[in-house]
Amino acid sequence: MEIIAQILGIGAMISLFLVYQQKDRKKLIAAKLSADVFWVAHYGCLGATAGMIPNFVGIFRELIFINRKSKKWASLFIWPVIFIIINWCLGFGTFSSWYNLLPITASTFVTISLWIDNPRLTKLISIPISASFLIYDIFVGSYIGIINESISICSIIIYFIKEKFTKGVKKDGK
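Residues numbered from 1 in each chain as written. Predicted model: local features only at pLDDT ≥ 70, side-chain atom pairs only at ≥ 80, totals over all residues. Heavy atoms only, no water.

(A) Expanded view of the overall build of the protein chain. For the protein chain, the helix and strand inventory stands at 7 helices and 0 strands. Counting helices and strands in the order they occur from the N terminus, the protein chain gives α-α-α-α-α-α-α. Radius of gyration (C-alpha) of the protein chain: 16 Å, near the 16 Å computed for a compact globule of 174 residues. A principal-axis box enclosing the C-alpha atoms of the protein chain has dimensions of 55 × 35 × 25 Å. Considering only residue pairs separated by 6 or more positions, the protein chain has 68% of its internal contacts joining residues 24 or more positions apart. Total accessible area on the protein chain is roughly 9000 Å²; 74% of this is exposed by carbon and sulfur atoms. (Helix = DSSP H or I, 4+ residues; strand = E, 2+ residues; numbered from the N terminus. Rg over C-alpha atoms; globule rule 2.2 N^0.38 Å. Contact = heavy atoms within 4.5 Å. Areas by Shrake-Rupley, 256 points an atom, 1.4 Å probe, with all protein chains shown as cover.)

What follows is the structure in structure tokens.
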């Protein structure tokens, strides 16, 4: 089961790396949806329910959010509130340790970051999100999660460096 969990985690890592490289909001959310599916299976194989919950709820969140621009019902402000409440209710329902609150707290910020229509701000908010999951992964022994969150943080930083370099080049006219 451990090997399967790690393989699924690798799929999630690849998907999350792609999240932080997207400029288009819809592609960003689609990559996040893919990552959530992999993480649900990964944490499920590890028996880490608190890590599984926000990713499971995230699948439905991304299915709604990806339609936000094209479907009026998906653009209602109530959706992020609903997903945040569901996460916290499920999180408290399965609470067994303080570190189990980390993924639920992170998911609150994920929900906000995906709702806003600003991919750059979404990536910026993702740094504390990844840090929270990094700490959680240490406690539950998700080695692939530890690697993933470290890579995710680096990927976000690379995006911002690349963005700054590109703006600098355009500003100089080169």
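(B) Seen up close, the pattern of salt bridges. The final tally for this structure, using the stated rule, is 4 salt bridges. Across the pair lysine 32 and aspartate 36 runs a salt bridge whose closest N-O atoms are separated by 2.6 Å. Within this pair, lysine 32 and its partner aspartate 36 are both found in helix 2 (residues 25-46), separated by 4 residues, close to a single helical turn. Side by side, lysine 32 and aspartate 36 carry an identical accessibility label, which is buried. Linking glutamate 163 and arginine 120 is a salt bridge whose minimum nitrogen-to-oxygen distance equals 2.8 Å. Of the two residues, glutamate 163 sits in helix 7 (residues 143-172) while arginine 120 sits in helix 6 (residues 119-140), which places them 43 residues apart along the sequence. (Salt bridge = Lys/Arg side-chain N within 4 Å of Asp/Glu carboxyl O. Buried < 20%, exposed > 50% of the residue type's maximum accessible area, 1.4 Å probe, protein only.)

(C) Quick peek at helix 6. The end-to-end C-alpha distance of helix 6, which contains 22 residues, comes to 30 Å, matching closely the 32 Å that a straight helix rising 1.5 Å per residue would cover. Approximately 30° is the largest bend angle found in helix 6, and it occurs at isoleucine 127, with the proline proline 128 only one to four residues beyond. Within the sequence span of helix 6, burial applies to Pro119, Thr122, Lys123, Ile125, Ser126, Ile129, Ser130, Ser132, Phe133, Tyr136 and Asp137. (Expected span 1.5 Å × (residues − 1). Bend = angle between axes of the 7 residues up to and from the residue.)

(D) Molecular detail of empty space enclosed by the protein. In this structure the tally under the stated criterion is 2 cavities of 30 Å³ or more. Of the volumes computed, that of the second largest cavity is approximately 40 Å³. Taken together, Arg25, Leu28, Ile29, Ser113, Leu114, Ile116, Asn118, Pro119 and Thr122 make up the lining of the second largest cavity. Listed by contribution, the elements that provide at least two residues to the lining of the second largest cavity are helix 2, helix 5 (101-115) and helix 6. No other element matches the 3 residues that helix 2 contributes to the lining of the second largest cavity. (1 Å grid on protein atoms, 1.4 Å probe; cavity = no way out; pocket = protein on both sides within 12 Å on 5 of 7 lines; lining within 4 Å. Points joined across faces, edges and corners; volume = space filled by probe spheres on them.)

(E) Summary view of the packing of aromatic side chains. Tallied over the full model, the rule gives 15 aromatic pairs. Relative to tyrosine 136, the ring of tyrosine 43 has its centre 5.9 Å away and its plane inclined at 65°; by these criteria the two rings are edge-to-face. Of this pair, tyrosine 43 sits in helix 2 while tyrosine 136 sits in helix 6; the two residues are 93 residues apart in sequence, bridging distant segments of the chain. The same class applies to tyrosine 43 as to tyrosine 136, namely buried. Three or more aromatic residues link up through ring pairs in this structure, and these residues are Trp39, Tyr43, Trp98, Tyr99, Phe133, Tyr136 and Phe139. The aromatic ring of tryptophan 115 is capped on one face by arginine 68, whose charged end is 3.8 Å from the ring centroid. Seen from the ring of tyrosine 159, lysine 123 lies directly overhead, with NZ or CZ sitting 3.9 Å from the centre. (Phe/Tyr/Trp six-rings, centres within 6.5 Å; stacked < 30°, edge-to-face > 60°. Lys NZ or Arg CZ within 6 Å of the ring centre and 35° of its normal.)

(F) Examining the nonpolar core more closely. In terms of nonpolar packing, the biggest core is built from 30 residues, with Trp39, Phe65 and Tyr136 touching the most fellow members. Secondary structure elements with two or more residues in this core: helix 1 (2-19), helix 2, helix 3 (49-65), helix 5 and helix 6. Apart from the residues lying within four places of it in its own chain, the contact partners of tyrosine 136 are Tyr43, Ala48, Thr49, Ala50, Gly51, Tyr99, Asn100, Leu102 and Pro103. (Core = buried A, V, L, I, M, F, W, Y, C linked by side-chain atoms within 4.5 Å.)

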